[in-house]
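One letter stands for each residue in the lines below.
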Amino acid sequence: MLRYWYYLVPPLYLAVILLMQPADRPVMIAAEHPPAGYPLKLSFARWLTDDCDTLAYAIRAENAARGRKAGVVRPDWFSKATGFRAYGHFDADKYEERVAPYEPASTVTEQGFEELLQRPGRFRDRYFLEYPPLALWLFRLGLIGAPGDGPPDVHPALLDELQFCVGCHPPRADHPGEVVQYARFRHALRVYAVLMTLAQLGLMLLLDFGFPRPCPTWLLVLPGFLYFTPCRFDILPAMLVMASVLAADKRKVAVAGLCLGLAVALKMYPLVLAPILLRFSARSWKDAIVWCACAAVPVVVSYGVMWWTDGVEGATVPFLFQLARDPEMEWCFYGRFIPPAFSAKTASASLVRTFIPFAVSVTLSLRRPPDVHSLLRRCAIALIVFMTLSVFFSPQWWQWLAVLLVPLAGRHRWLLPVWVALDLWTYLHFPVLFDSIAGGAFGDSVDWVRDAHVLVRAMLWFAVAAVFAWVEVRAGSTPPQQGE
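Participant: Sorry, what's going on with the overall build of the protein here?
Facilitator: Counting its secondary structure elements, the protein contains 19 helices and 2 strands. Taken over the C-alpha trace, the protein has a radius of gyration of 23 Å; the compact-globule value for 484 residues is 23 Å, and the two agree within 12%. Along the longest, intermediate and shortest principal axes, the C-alpha atoms of the protein span 70 × 55 × 50 Å. Burial analysis of the protein (484 residues in total) assigns 56% to the buried set.

Participant: Honestly, unusual backbone geometry in this entry has me stumped. Any pointers?
Facilitator: Note: most residues except glycine have negative phi, and most peptide bonds are trans. With an omega of 15 degrees, the peptide bond between Phe 430 and Pro 431 qualifies as cis. Within the secondary structure, Pro 431 sits in helix H18 (residues 415-438). Positioned with a positive phi, Arg 251 is a non-glycine residue whose angle comes to about 65 degrees. With a relative accessible area of 58%, Arg 251 lands in the exposed category.

Participant: Please explain a nonpolar patch on the surface as it appears in this structure.
Facilitator: Taken together, Trp 137, Leu 258, Val 297, Val 301 and Val 305 make up a surface patch of nonpolar side chains, about 390 Å² in accessible area. Take the nonpolar patch: its biggest share by element is 3 residues, from helix H14 (residues 285-323). By the secondary structure assignment, Val 297 is in helix H14.

Participant: Can you walk me through the pattern of salt bridges in this structure?
Facilitator: Between side chains of opposite charge, a pair can form as their charged atoms come close. Summed over all chains, the structure comprises 19 salt bridges. Salt-bridge contacts for Arg 325 lead to Glu 328; the nearest nitrogen and oxygen are separated by 3.6 Å. One salt-bridge network, held together by shared partners, links Arg 46, Asp 50, Asp 53, Arg 232 and Asp 435.

Participant: How do you make sense of the confidence of the model for the protein when you look at a structure like this?
Facilitator: Reading predicted coordinates in detail is not appropriate for stretches of low pLDDT. On average, residues of the protein carry a pLDDT of 90, and 91% of them reach 70 or more. Confidence over residues 479-484 falls short of pLDDT 50; this stretch has 17 contacts with residues more than four positions distant or in other chains.

Participant: Before we go on, may I ask you to explain helix H11 (residues 235-249) in this structure?
Facilitator: Residues spaced three or four apart along an α-helix point in a common direction, a consequence of the helix completing one turn every 3.6 residues. Here H11 contains 15 residues, and its C-alpha end-to-end distance of 21 Å stays within 8% of the 21 Å for a straight helix at 1.5 Å per residue. Of all 15 residues that make up H11, 14 are buried, and the element is covered over most of its length. Arg 251 occupies a position one or two residues after H11 and carries a positive phi of about 65 degrees.

Participant: What is the right way to look at the nonpolar core in this model?
Facilitator: The nonpolar side chains of soluble globular proteins are, as a tendency, buried together. Membership of the largest hydrophobic core comes to 128 residues, with the highest contact counts inside it found for Met 242, Leu 405 and Trp 419. Look past the residues within four positions of Met 242 in its chain and what remains in contact with it is Leu 203, Leu 207, Phe 211, Leu 376, Val 403, Leu 404 and Pro 407. Within the second largest apolar cluster, 10 residues are counted, among which are Leu 48, Phe 228, Cys 231 and Tyr 427.

Participant: How should the side chain of Arg 186 be read in this particular structure?
Facilitator: Within the fold, Arg 186 resides in helix H9 (residues 176-210). For Arg 186, a relative accessible area of 1% corresponds to the buried category. Only 2.9 Å separates the side chain of Arg 186 from the side chain of Gln 21, close enough to count as a polar contact. Contact partners of Arg 186, with chain neighbours within four places excluded, come to Gln 21, Pro 22, Ala 23, Arg 25, Pro 26, Val 27 and Asp 51.

Participant: Help me out: how do you make sense of H18 in this one?
Facilitator: Between its first and last C-alpha atoms H18 spans 32 Å; for 24 residues at 1.5 Å apiece the expected length is 34 Å, and the two agree. Bending of H18 peaks at approximately 40 degrees at the position of His 429, with proline Pro 431 no more than four residues after it. With its phi angle positive at about 80 degrees, Gly 440 sits one or two positions after the end of H18.

Participant: Before we go on, may I ask you to explain the packing of aromatic side chains in this structure?
Facilitator: For any pair of aromatic rings, the description rests on two quantities: the centre-to-centre distance and the angle between the ring planes. Here the structure, examined in full by the defined rule, presents 32 aromatic pairs. Between Tyr 227 and Phe 430 the ring centres are 6.3 Å apart and the planes differ by 65 degrees, which places this aromatic pair in the edge-to-face class. Placement of Tyr 227 in helix H10 (residues 223-228) and of Phe 430 in helix H18 is noted, with a sequence separation of 203 residues between them. Take Tyr 227: its relative accessible area is 2%, and that puts it in the buried class. Looking at Phe 430, the relative accessible area reads 6%, which means it is buried.

Participant: I keep staring at the environment of Glu 130 and nothing clicks. Help me out?
Facilitator: Secondary-structure assignment places Glu 130 in the loop between strand E2 (126-127) and helix H6 (133-140). The buried category is assigned to Glu 130, whose relative accessible area is 8%. In sequence terms Glu 130 and Gly 314 are 184 residues apart; their C-alpha atoms lie 9.9 Å from each other. With residues near it in sequence (within four places) discarded, Glu 130 still touches Arg 60, Pro 318, Phe 321 and Gln 322. Polar contacts involving the side chain of Glu 130 include one to the side chain of Arg 60, which spans 2.9 Å.

What counts as what
- The numbering scheme is per chain: residues are counted from 1 as the chain's sequence reads.
- The predicted origin of the model limits local features to residues at a pLDDT of at least 70 and limits the giving and counting of side-chain atom pairs to 80 or more, whereas totals for whole chains, interfaces and linings rest on all residues.
- Heavy atoms from the whole structure form the basis of all side-chain values; hydrogens and water molecules are not counted.
- The numbering of helices and of strands both runs from the N terminus, where a helix is a DSSP run of H or I of at least 4 residues and a strand a run of E of at least 2.
- Only C-alpha atoms enter the radius of gyration, while the globule expectation follows 2.2 Å times N to the 0.38, with N the number of residues.
- Relative accessibility under 20% of the residue-type maximum defines a buried residue, over 50% an exposed one, and the middle range a partly exposed one, all with a 1.4 Å probe and only protein chains included.
- Patch membership requires more than 30% relative accessible area and the absence of a salt bridge. Residues of like charge join within 9 Å; the nonpolar side chains Val, Leu, Ile, Met, Phe, Trp and Tyr join within 5 Å.
- Per-residue and other accessible areas were derived by the Shrake-Rupley procedure at a 1.4 Å probe size, with only the shown protein chains allowed to occlude residues.
- What makes a salt bridge here is a side-chain nitrogen of Lys or Arg within 4 Å of a carboxyl oxygen of Asp or Glu, nothing more.
- A score between 0 and 100, pLDDT records how confident the predictor is in each residue.
- Two residues form a contact once any of their heavy atoms are found within 4.5 Å.
- Here a helix's expected span is defined as the number of its residues, less one, multiplied by 1.5 Å.
- Here the nonpolar core consists of buried residues drawn from Ala, Val, Leu, Ile, Met, Phe, Trp, Tyr and Cys, with membership extended through side-chain atoms lying within 4.5 Å.
- In the analysis that follows, any N or O atom pair within 3.5 Å is treated as a polar contact, provided that within protein one partner can donate a hydrogen and the other can accept it, and provided that, for residues neighboring in sequence, both atoms belong to side chains.
- A residue's bend is the angle separating two fitted axes: one through the seven residues that end there, the other through the seven that start there.
- Stacked, tilted and edge-to-face are the three classes assigned to paired rings of Phe, Tyr and Trp, where Trp is represented by its six-membered ring and a pair needs centres within 6.5 Å; plane angles under 30 degrees give stacked, over 60 edge-to-face, the rest tilted.

And the structure:
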């Protein structure tokens, strides 16, 4: 059993998080009133875990539980996001602070948020949802068994504003509904953490018993990968992609298509891998039709139900929002390795950014991958191209790439130290470097520090993609040998 020691790490990590966190509120690093009894300084709290994104999931779930419809195109606080910093500072040179009579989704600062709570307000019919419908159904699982008899009566700002400001606000004892609402938030965050940890354990089982040895599954308990498991939901589509790969390798075409469809219904990125996975799964036109039909079911059903319940806005706005994200230049490759003009929110630039990854994926699928390792290499190349051309960067994307690389690290010995470097470099970026920069730790040197960090990440990504491309070209239709 010592061989599988790493299965103990995710549940132990989860137990530490659940035992430390207060039951009555989320923990935010900029909160002026730290939770009573919390053992960590707030400046180091996010080095252990992050409540910010999962609080957004819980807020979206609470909105849906109230019968509100999704479809707000873009709240004001999101368009101001580049002026917002992790410690609640507001860049007055970039944006005008709005704390005038209450309108939902109108503030960025903690101070403005507290003022809003003192003003009367009412819920609009629709709320902001940036995630696919199936993800919303996942978020609503967090409300099962939540405190209270149902959604409490709270100020609209608690469900319509930037989740960071909501998390920094301590529930007011003289507002019983607010106290219950924050306890419901924490309950949902705990449910998400448990579900995502179970997904990580499921992923480990897939790798250990679906791939030939050696498969260094223990890599998944290194800090960069482990950190994002309980506080994001990217582990779920990543696991489903791996399930699709393994099903295709065992010639279970319908299961392979269904797993890929579920992954796409949760996050759009696996769509880039679809041509390669389809080419590997289908050995005939019948297989191709079955695979495509099964892959389409989760997407069509989830978006169709959302269309039925929330109308065209609820079904389309989250998808269109992700396609038209504002460029966030701090951590992406534009302005460094890619001309910034290609990051513009124009039709031509968007078309180029969309066309290139799919063109790469289709090109890599022209010849069927001879084995599952070739499939993983081609998927990794297409995914790196997709992430490279994105106009923003999220560190949890590392999980997307990492699951593809783990089985390959057992076959390509050079990849093992590269995997470790990428993992540690990701954790160094977030939360360590990200919060240090937000707190002004580097002063005038901040641009140099950020550029150097992005440069190393780019070198590692491009090296992996280049070597994989070379292996595929050299191998042709012959499966590569052990240790290549």
